[in-house]
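Each chain, letter by letter, is given below.
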Amino acid sequence: MRRLILSAGMVMLSATLASAATLYLSVETDKDVYGLGETVNWTVFAWASTGDNAGVALLGVTLFEDRDELLSPAETTGGGPTFELLDTEYGVDEWFALQSPGTPNPAGGELADIVANQNPAFPLYDIGNDGSPHLFAKGSYVPTQLGDHTLRPSVTGANYWPDEAGSNAVAFETVSTTPKTFTVTPEPATLMLVGLGGIALLHRRRS
C-alpha cells in the first residue's frame, strides 16, 4: 500500500513538472559587429510554451548591457537608448497596455525597462503561447566602448492564464533567456591608420 501511494505521488509530481508553463526570452541585434559610433538596433522576442497555458497575461522585461572592454577609456554608454513596445501579439489592439517604459540606467548597464499587461477585466487568451518567437519590444542605442557587448534580458514579472475559465493569472513556473553578444570595433578609418602604422613599423624594422 505504501509503495502504491509513493508511486501515485511520483506520477503526480511528474505530471506537475511536465505541465509547467515556460516563458522564453531572446535578444537579437541587426549586426554582429559594429564600428564605434554606430547605432545598435535590438529586438526582444518573447513566447510561451505550448499546451500548458492559455496565453501571456503580463510581461515585464529589463534589458541589461554587459561589457568586456578591449579598451578602458573614461566613457559611459551614450546615444540615449530608445525603445518601444511594438508588436501585434503584445500591443494595445490585444488589450495589452504599456504600464512602464522605465528609466534606463546606462551607468548600471540597464538599457530598457518595459512592462506590459492585459486588462484583467477584458482578458484575451492564447497570446504568444504557440511556441514560436513573437516580437515584444525593440529599440536602439549607441555604445561608446570597444570590445564585446552582451545584451541580457531579465524578467521582472511574467504571468500567464492557466485556463480560459476566468481564473486569475499565475506566474510562469520556469523562464529561459537567450542573450546576444556583439562586438564594437574601431572605425574603419582608425583601423586603416593602425594597419598603415603597422606596415610602416615593419618596413622600418626590415630597413
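Predicted model only: the values in this text are computed from it and were never measured.

Definitions and limits used
- Residues numbered from 1 in each chain as written.
- Predicted model: local features only at pLDDT ≥ 70, side-chain atom pairs only at ≥ 80, totals over all residues.
- Heavy atoms only, no water.
- Helix = DSSP H or I, 4+ residues; strand = E, 2+ residues; numbered from the N terminus.
- Buried < 20%, exposed > 50% of the residue type's maximum accessible area, 1.4 Å probe, protein only.
- Polar contact = N/O pair within 3.5 Å; in protein donor to acceptor, adjacent residues only side chain to side chain.
- Contact = heavy atoms within 4.5 Å.
- Salt bridge = Lys/Arg side-chain N within 4 Å of Asp/Glu carboxyl O.
- Core = buried A, V, L, I, M, F, W, Y, C linked by side-chain atoms within 4.5 Å.
- pLDDT = per-residue confidence, 0-100.
- 1 Å grid on protein atoms, 1.4 Å probe; cavity = no way out; pocket = protein on both sides within 12 Å on 5 of 7 lines; lining within 4 Å.
- Points joined across faces, edges and corners; volume = space filled by probe spheres on them.
- Nonpolar A, V, L, I, M, F, W, Y, C, P; charged D, E, K, R; others polar.
- Phe/Tyr/Trp six-rings, centres within 6.5 Å; stacked < 30°, edge-to-face > 60°.
- Pairing = 2+ DSSP bridges.

## Looking at the side chain of Thr29
For step 1, the next point in the chain: As for its placement among the helices and strands, Thr29 is situated in strand β1 (residues 22-29).
For step 2, the next point in the chain: Residue classification places Thr29 among the buried positions, given a relative accessible area of 12%.
For step 3, the next point in the chain: A distance of 2.7 Å separates a polar atom in the side chain of Thr29 from the backbone oxygen of Lys31.
For step 4, the next point in the chain: Those residues in contact with Thr29 that lie beyond four places of it in its chain are Tyr34, Val40, Asn41, Trp42, Leu151, Lys180 and Phe182.

## Examining the pattern of salt bridges
For step 1, the next point in the chain: For the coordinates displayed, the defined rule picks out three salt bridges.
For step 2, the next point in the chain: Linking Lys31 and Glu38 is a salt bridge whose minimum nitrogen-to-oxygen distance equals 2.8 Å.
For step 3, the next point in the chain: Note on Lys31: relative accessible area 33%, which makes it partly exposed.
For step 4, the next point in the chain: Of the charged contacts in the structure, one is a salt bridge between Asp32 and Lys180, with a shortest N-O distance of 2.5 Å. Of the two residues, Asp32 sits in the loop between β1 and β2 (33-35) while Lys180 sits in strand β12 (residues 180-185), which places them 148 residues apart along the sequence.
For step 5, the next point in the chain: Judged by relative accessible area, Asp32 falls into the partly exposed class, the value being 47%.

## Some words on the nonpolar core
For step 1, the next point in the chain: Counting residues in each nonpolar core, the largest one holds 28 residues, and the members touching the most others are Trp42, Leu59, Phe136, Leu151 and Phe172.
For step 2, the next point in the chain: Listed by contribution, the elements that provide at least two residues to this core are β1, β3 (40-48), β4 (56-69), β7 (110-118), β8 (134-142), β9 (147-160) and β12.
For step 3, the next point in the chain: It is β3 that contributes the most residues to this core, five residues altogether.

## Let's talk about the confidence of the model for the protein chain
For step 1, the next point in the chain: For the protein chain, the mean per-residue pLDDT works out to 75, and 61% of the residues sit at or above 70.
For step 2, the next point in the chain: For residues 1-18, every residue scores under 50 in pLDDT, and the model assigns this stretch zero contacts once sequence neighbours within four places are set aside.

## Some details on empty space enclosed by the protein
For step 1, the next point in the chain: Summed over all chains, the structure comprises one cavity of 30 Å³ or more.
For step 2, the next point in the chain: Here the largest cavity defines a volume of roughly 40 Å³.
For step 3, the next point in the chain: Taken together, Trp42, Val44, Val61, Thr62, Leu63, Ala112, Ile114, Phe136 and Ala137 make up the lining of the largest cavity.
For step 4, the next point in the chain: Contributions of two or more residues to the lining of the largest cavity are made by β3, β4, β7 and β8.
For step 5, the next point in the chain: If you tally residues by element for the lining of the largest cavity, the top one is β4, at three residues.
For step 6, the next point in the chain: Here the residues of the lining of the largest cavity sort into eight nonpolar, one polar and no charged.

## With respect to the packing of aromatic side chains
For step 1, the next point in the chain: Under the defined criterion, the tally for this structure stands at four aromatic pairs.
For step 2, the next point in the chain: Ring plane angle 80° and centroid distance 5.3 Å describe the contact between Tyr34 and Phe182, whose orientation is recorded as edge-to-face. Placement of the pair is Tyr34 in strand β2 and Phe182 in strand β12, with a sequence separation of 148 residues.
For step 3, the next point in the chain: Given a relative accessible area of 1%, Tyr34 falls into the buried group.
For step 4, the next point in the chain: Between Tyr125 and Trp161 the ring centres are 5.8 Å apart and the planes differ by 75°, which places this aromatic pair in the edge-to-face class. Of this pair, Tyr125 sits in the loop between β7 and β8 while Trp161 is found in the loop between β9 and β10 (170-171), placing the two residues 36 residues apart along the sequence.

## Re the side chain of Ser49
For step 1, the next point in the chain: Relative to the helices and strands, Ser49 is located in the loop between β3 and β4.
For step 2, the next point in the chain: Residues in contact with Ser49, not counting those within four places in the same chain, are Ala20, Ala21, Thr22, Tyr24 and Asn129.

## Some thoughts on the pairing of β1
For step 1, the next point in the chain: Across the eight residues of β1, six count as buried, placing the element largely inside the fold.
For step 2, the next point in the chain: Here β1 pairs with strand β11 (residues 174-178) via five bridges, running parallel. Bridge pairing links Leu23 to Val175 in β11.
For step 3, the next point in the chain: Bridge analysis of β1 against β3 gives seven bridges, and the strand direction is antiparallel. Paired with Ser26 across the two strands is Phe45, which belongs to β3.

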